[in-house]
Amino acid sequence: MKLATIEKLCCPFDRSDLELTRITEDLAGKIEEGWLHCTQCKRMYPIVKGIPIMNPDEYREFSLEQPLLERWQKQLKGKQVKNFRILDKAQEEADTTDNSD
Ligand SMILES: [Zn+2]
């Protein structure tokens, strides 16, 4: 999918802006693989073979997306994906902090 097309997309749930992470592109600069990330609800929409997967949660299958997430570990920078949402690492750590400082 062309970058200009992807930039016109918004989150289907809350119509917020989406942040694009590019992983691979073809020679023409079209996105082959990557993901879109909603700034509001934090949902992550994978882009596979140039097609963004923007189904409602109930039509998504985590087991199908898990191999992608494993492959994208480096780009996710240690962030966890739960319920199709990207959790900030800081949030995760805040949940488990034991106030030892
Ligand atoms: Zn959203």
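Parameters at a glance
- Residues numbered from 1 in each chain as written.
- Predicted model: local features only at pLDDT ≥ 70, side-chain atom pairs only at ≥ 80, totals over all residues.
- Core = buried A, V, L, I, M, F, W, Y, C linked by C-beta atoms within 7 Å.
- Buried ≥ 20, exposed ≤ 12 C-beta atoms within 10 Å, placed from the backbone.
- Helix = DSSP H or I, 4+ residues; strand = E, 2+ residues; numbered from the N terminus.
- Contact = placed C-beta atoms within 7 Å.
- Pairing = 2+ DSSP bridges.

(A) Up close: the nonpolar core. Residues Leu 18, Ile 31, Trp 35, Leu 36, Cys 38, Met 44, Tyr 45, Ile 47, Val 81 and Ile 86 constitute the largest nonpolar core, which totals 10 residues. Residue contributions to this core peak at four residues, all from strand 2 (residues 31-38). Apart from the residues within four sequence positions on either side, Met 44 is in contact with Trp 35, His 37, Val 81, Phe 84, Arg 85 and Ile 86.

(B) How the structure looks around the pairing of strand 1 (residues 18-25). The pairing of strand 1 with strand 2 spans seven bridges and is classified as antiparallel. Bridging from a neighbouring strand, Leu 20 pairs with Leu 36 of strand 2. Here strand 1 hands over to strand 2 after five residues, with Gly 29 in that stretch at a positive phi of 85°.

(C) Representation of unusual backbone geometry within the structure. Phi at Arg 15 takes a positive value of approximately 60°, unusual for a residue other than glycine. Following the sequence through the fold, Arg 15 ends up in the loop between helix 1 (3-8) and strand 1.

(D) Summary view of the sheet that holds strand 3 (residues 44-48). Reading across from one edge, 1-2-3-4 is the order of the four strands in this open sheet, with antiparallel pairing throughout. If you trace the sheet from one side to the other, it starts and ends with strand 1 and strand 4 (51-52), each paired once.

(E) Looking closely at the environment of Lys 2. Counting through the fold element by element, Lys 2 comes out in the segment before helix 1. Judged by the 12 C-beta atoms lying within 10 Å of it, Lys 2 is exposed. It is 10.0 Å that separates the C-alpha atoms of Lys 2 and Ile 51, two residues lying 49 residues apart in sequence.

(F) Representation of the pairing of strand 2 within the structure. As defined by bridge partners, strand 2 adjoins strand 3 across four bridges and the pair is classed as antiparallel. Across the sheet, residue Leu 36 finds its bridge partner in strand 3, namely Tyr 45. Hairpin connection from strand 2 to strand 3: five residues lie between these consecutive antiparallel strands, with Lys 42 at a positive phi of about 70°.

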